[in-house]
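Chain and residue survey
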Amino acid sequence: MRIIRPKKALGQHFLTDAGIARRIAETLSAHRALPVLEVGPGTGALTRFLLDEAYDLSVVEVDMESVGYLRTHFPALRGRILAADFLRLDLNALYPSAFCVIGNYPYHISSQIFFKVLESREKVTCCAGMVQKEVAERLAAPPGSRTYGIISALIQPWYDVEYLFTVSEEAFDPPPRVKSAVVRLTRSSRQTLGCSETLYRQVVKTSFNQRRKTLRNSMKPLLGKDFPDYARPVFGERPERLSVEQFVELTLVAQRFLESENANEREKRNTP
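Here's what I pulled together on the structure shown here. (Residues numbered from 1 in each chain as written. Predicted model: local features only at pLDDT ≥ 70, side-chain atom pairs only at ≥ 80, totals over all residues. Heavy atoms only, no water.)

Further remarks concern the packing of aromatic side chains. If you walk through the whole model with that rule in mind, you get 9 aromatic pairs. Residues Tyr95 and Phe99 carry aromatic rings whose centres are separated by 4.0 Å and whose planes lie at 10° to one another, so their mutual orientation is stacked. Taken individually, Tyr95 and Phe99 each receive the classification buried, so the pair is uniform in this respect. Against the face of Phe165 rests Arg23, its NZ or CZ located 3.7 Å from the ring centre. (Phe/Tyr/Trp six-rings, centres within 6.5 Å; stacked < 30°, edge-to-face > 60°. Buried < 20%, exposed > 50% of the residue type's maximum accessible area, 1.4 Å probe, protein only. Lys NZ or Arg CZ within 6 Å of the ring centre and 35° of its normal.)

Before going further, it helps to spend a moment on the pairing of strand 5 (residues 99-104). Of all the 6 residues making up strand 5, 6 are buried; the element is thus mostly covered by neighbouring parts of the structure. Alternating residues of strand 5 divide into Phe99, Val101 and Gly103 and Cys100, Ile102 and Asn104, and every residue in both groups is buried. Here strand 2 (residues 36-39) pairs with strand 5 via 4 bridges, running parallel. By the bridge assignment for strand 5, Glu38 is matched with Ile102. Relative to strand 6 (residues 124-132), strand 5 runs parallel, the two sharing 6 bridges. From the neighbouring strand, Asn104 faces strand 6, where its bridge partner is Met130. Following the backbone out of strand 5, through helix 5 (residues 110-119) and into the adjacent parallel strand 6, one traces a crossover that is right-handed. (Helix = DSSP H or I, 4+ residues; strand = E, 2+ residues; numbered from the N terminus. Pairing = 2+ DSSP bridges. Right-handed = clockwise from strand over helix to strand, strands pointing away.)

As structure tokens, this is what we get:
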């Protein structure tokens, strides 16, 4: 008999396949020395394998019914259960140094979870877990593929992404309507983009807002219709064909132009 009823509003699909749970726990085997934060443990299908492997484990769970279950059934987690929303946590305050994130992530907020991890990329050495197959494909997609998009170009500068394996709907209760997949993000050696990170994000999002168009057309909301360098070959490409390095170069071109435009505007305002 089910002890906790999965809540649709929280996107809960409890993992019931112990073999899959064990395989997910093993994705962190190269980082055993680091603390681990599990997101959304639910009834502890993954938690018990992480504890069996003696990880320095804490968990964060927003569902108070699950929190009560975890407190009762996992005494080893005493004082390590955070009854909170992961997206609202101050990760830098919780972890003064490097740590890992893992989980069977709620599908409706999985992209937000990865962007949250990205905010703490200097400390999150590895992030692994299960997501909707479509999201996993986007995270790992190379330039030129139909699934390469905003999340690919924003995550891949900082993390090496591996699509590890696909998981059937039958591994869950209740079964989701989509297939799932397990991914692993490992922090790369990159420390800087070499351009404005804020503008890089803006360039990526602007270009993919009209992904069927060439950059010559999709970038007009940011650069205007009279931008002088639209003749550059890169502006004849569609965004999904650009590598991270090409997006960096595109950002530098936009950065020089926008800085020049701002300087001209300041000069006009200061001219009597």
